[in-house]
Amino acid sequence: MAHLNGNSNGNSNGTGLRLKTGLAEMLKGGVIMDVMNVEQARIAEEAGAVSVMALERVPAMIRAEGGVARMANPKLIKEIMATVSIPVMAKARIGHFAEAQVLESLGVDFIDESEVLTPADETYHIDKHAFTTPFVCGARNLGEALRRIAEGAAMIRTKGEPGTGDVVHAVQHMRQITREIRILSALREEELFNEAKLHGAPYELVKMVAAAGKLPVPNFSAGGIATPADAALMMQLGAETVFVGSGIFMKDGATPLDLTPGSKQRDEAISRAKAIVLAATHFNDPKIVSEASEMLIGSMKGLAAAGLEESQRMQTRGW
Amino acid sequence: MTQEHLTIGVLAVQGAFDAHAQVLRSLGVNAPLVRTPEELASLDGLILPGGESTTFLKHLERNGFFDALSKFVQHKPSFGTCAGTILLAKDVRNPAQKSLAVLDATVERNAYGRQIDSTIIETETTLPGGPLETVYIRAPRIAAVGSGVEVLARRDGDPVLVREGRVLAATFHPELSSDTRVHALFVDMVREHKLAQASTEVHAL
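Residues numbered from 1 in each chain as written. Chains lettered and ligands numbered in written order. Predicted model: local features only at pLDDT ≥ 70, side-chain atom pairs only at ≥ 80, totals over all residues. Heavy atoms only, no water.

Draft legend 1. Summary view of the overall build of chain A. Tallying secondary structure elements over chain A gives twelve helices and eleven strands in all. Relative to the globule expectation of 20 Å for 319 residues, the C-alpha radius of gyration of chain A, 19 Å, shows essentially globular dimensions. When its C-alpha atoms are laid out on the principal axes, chain A stretches across 60 × 45 × 40 Å. By residue count, 59% of the 319 residues in chain A fall in the buried class. (Helix = DSSP H or I, 4+ residues; strand = E, 2+ residues; numbered from the N terminus. Rg over C-alpha atoms; globule rule 2.2 N^0.38 Å. Buried < 20%, exposed > 50% of the residue type's maximum accessible area, 1.4 Å probe, protein only.)

In structure tokens:
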């Protein structure tokens, strides 16, 4: 019996990458929820989330509180891993390969090299081929997506504008990427060399996308998705799964709900989590999306992304 | 009967449903995605894909889906991979959870570890055509099987591909490999079941 995984650094035969994108395949059609503690993680799993993202502060809090946002405390991540049976993801700063090494040593199932945290490197992203753990990276357009894939990302998520509850930029980024893919599919082979240059992406990957009509790794959506209808919208626009951040466990966007068993706020959180999971699966069925929307107790206030100064935008981190 | 007449649905509440549907279509089978209990009615067989079994259960709790699915797998061929195997097994551990209980087996969830322990192995099987590539992603372990269960492949002694009557189950992901032999076996099972049913109906006339 021959083991073919050739893990750590062993992606040369493509086996490591297949295992990484393989887990992303298993997460399709679902919802990945940001959680800050064990209780939130438990509710996310209970509600049917396919995975949780462990972090100390959700994007809306990072936005409200400012300061340097870093990898979560390993103790918190371990507690969450010990609590839920679904895969656990955690965020590392862009370019911060030492944080990523820590996350890999903890055994997290996916690492998000995330623009939500304060970037650690203004030039280089992490060499993700050097890890056994799969990575997800954000992208606003096809070139950015393919540069991350070239570095070893096993899943792409559109960035949107995290921590706002405003879906407008998630829509913009998904439309941009799918439009650019359709254009590539229509071009003649000799035209692809120039496209590769224009996108700042490796020619081989550009050729693969042109032939397949889709990214070589799963394409998910994140940033500003706050309601069941938002989830349905992103899925219909081509997202294969959605990441949901600040809305579910927060009150007024920035204060965590009180999740003490029996509390009204706990019911509110559960209703939101369940509703968004239901809508992500039945994104093509407006009746079920409507049913999901009716389940909601309370709503997230949100922050209009258009009102944000360029310097406050998280999506422009990474390139 | 040609394969064009076979309709094998893929449970698509979540998980690797697309990959399964693509393999089935490459084998000439009609492969609709199934998200509601009503969609089970027109199927000759069903694939329960990998994904998160806890998530599957949450979706199946709605609108009598679990009961409809339970009835379906008791009468029609079904093929579970990874999380799908967990749903089909009689006994689920680590932690214990509800299941359709049509496969006489004990399954332990996430028994081979986390994603970092996911692996691809070449293994001998009873299928013709040499060793089979098996892709394990956060795989469950079949810890025990009943006497009526046929073991078609093993990993370090544990069954990884098993068949009990019209139920087929794998703890690995044949849909993530280019080798279509496991899917072809299931298509054969579905065809045989459909033929047998048709002949029973003829005898009954």
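Draft legend 2. How the structure looks around the overall build of chain B. Counting its secondary structure elements, chain B contains five helices and twelve strands. The C-alpha atoms of chain B give 16 Å as radius of gyration, which agrees with the globular expectation for 205 residues (17 Å, within 12%). Projecting the C-alpha coordinates of chain B onto the three principal axes gives extents of approximately 55 × 40 × 35 Å. Counting all 205 residues of chain B, 60% fall into the buried class. Within chain B, residue pairs in contact and separated by at least 24 positions form 63% of the contacts whose partners lie at least 6 positions apart. (Contact = heavy atoms within 4.5 Å.)

Draft legend 3. The arrangement of the nonpolar core in detail. With 59 residues, the main nonpolar core has Met 33, Ile 77, Ile 80, Leu 103, Met 234 and Val 242 of chain A as its most contacted residues. Excluding residues within four positions of it along the chain, Met 33 of chain A makes contact with Ala 44, Ala 49, Ser 51, Val 52, Met 53, Val 244, Ile 248, Ala 273, Ile 276 and Val 277 of chain A. In terms of nonpolar packing, the next biggest core, distinct from the first, is built from 31 residues, Leu 11, Leu 40, Leu 46 and Leu 87 of chain B among them. (Core = buried A, V, L, I, M, F, W, Y, C linked by side-chain atoms within 4.5 Å.)

Draft legend 4. The interface of chain B and chain A, seen in detail. If you look at the interface, chain B gives 41 residues, while chain A gives 42 residues. In this assembly, chain B packs against chain A so that about 3300 Å² is buried in total across both faces, 56% of it on carbon and sulfur atoms. When the shortest N-O distance is used, the salt bridge between Arg 138 of chain B and Asp 109 of chain A registers 3.0 Å. The tally of links between chain B and chain A comes to 20 residue pairs in polar contact (both at pLDDT 80 or more). Elements with a minimum of two residues in the side of chain B that touches chain A: α1 (17-26), α2 (53-60), β7 (119-123), β8 (132-136) and β10 (150-155) of chain B. The element contributing the most residues to the side of chain B that touches chain A is β7 of chain B, with five residues. A breakdown of the residues in the side of chain B that touches chain A according to their chemical character gives twelve nonpolar, 15 polar and 14 charged. (Buried area = accessible area lost by both parts, 1.4 Å probe. Salt bridge = Lys/Arg side-chain N within 4 Å of Asp/Glu carboxyl O. Polar contact = N/O pair within 3.5 Å; in protein donor to acceptor, adjacent residues only side chain to side chain. Nonpolar A, V, L, I, M, F, W, Y, C, P; charged D, E, K, R; others polar.)

Draft legend 5. Expanded view of helix α3 (residues 65-75) of chain B. Residue and element names in this part refer to chain B. Within α3 the residues assigned to the buried category are Phe 65, Phe 66, Leu 69, Ser 70, Phe 72 and Val 73. Viewed along the axis of α3, the buried residues span an arc of 165°, placing them on a single side of the element. Away from its buried face, by an angle of more than 90 degrees, α3 presents the exposed residues Asp 67, Lys 71 and His 75. Buried residues belonging to α3 abut β1 (8-11), β2 (33-34), β3 (45-48), α2, β4 (78-81) and α4 (83-88). (Arc of directions from axis to C-beta.)

Draft legend 6. Highlighting the side chain of Glu 115 of chain A. Residue and element names in this part refer to chain A. When you line up the elements, Glu 115 lands in the loop between β5 (110-114) and β6 (135-139). Relative accessible area serves as the criterion here: at 1%, Glu 115 is assigned to the buried category. A polar side-chain atom of Glu 115 sits 2.9 Å from a polar atom in the side chain of Arg 157. The contacts of Glu 115, once residues within four sequence positions are left out, are Ile 94, Gly 138, Arg 157, Lys 159, Met 314, Gln 315 and Arg 317.

Draft legend 7. Highlighting the layout of surface pockets. Estimates place the volume of the largest pocket at around 1000 Å³. Lining the largest pocket are 38 residues, and of these Glu 25, Lys 28, Lys 214, Leu 215 and Pro 216 of chain A sit closest to its centre. Those elements giving two or more residues to the lining of the largest pocket turn out to be α1 (15-26), α6 (142-150), α7 (168-186) and α9 (203-212) of chain A together with α1 of chain B. For the lining of the largest pocket, the class distribution of residues is 20 nonpolar, ten polar and eight charged. Computed from the structure, the second largest pocket encloses a volume of approximately 220 Å³. (1 Å grid on protein atoms, 1.4 Å probe; cavity = no way out; pocket = protein on both sides within 12 Å on 5 of 7 lines; lining within 4 Å. Points joined across faces, edges and corners; volume = space filled by probe spheres on them.)

Draft legend 8. Quick look at the confidence of the model for chain B. A residue-level look at chain B finds 98% of positions with pLDDT of 70 or above and a mean pLDDT of 95. Overall fold confidence (pTM) sits at 0.93, and the ipTM for the predicted complex is 0.92. (pLDDT = per-residue confidence, 0-100.)

Draft legend 9. Molecular detail of the pairing of β4 of chain B. All names here are of chain B. Here β4 shows two buried faces, one formed by Ser 78 and Gly 80 and the other by Phe 79 and Thr 81. For β3 and β4, the ladder comprises three bridges, and the chain directions are parallel. Its bridge partner lying in β4, Leu 48 is registered against Gly 80. Inspection of the sheet shows β4 paired to strand β12 (residues 167-170) by four bridges, in the parallel sense. By the bridge assignment for β12, Phe 79 is matched with Leu 168. (Pairing = 2+ DSSP bridges.)

Draft legend 10. Geometry of unusual backbone geometry. Residues and elements named next belong to chain B. A cis geometry characterises the amide bond from Asn 94 onward to Pro 95, with omega recorded as -15°. On the secondary structure map, Pro 95 appears in the loop between β5 (89-93) and β6 (103-108). Notably, Asn 110 is not glycine yet its phi reads approximately 45°, a positive angle. Within the fold, Asn 110 resides in the loop between β6 and β7.

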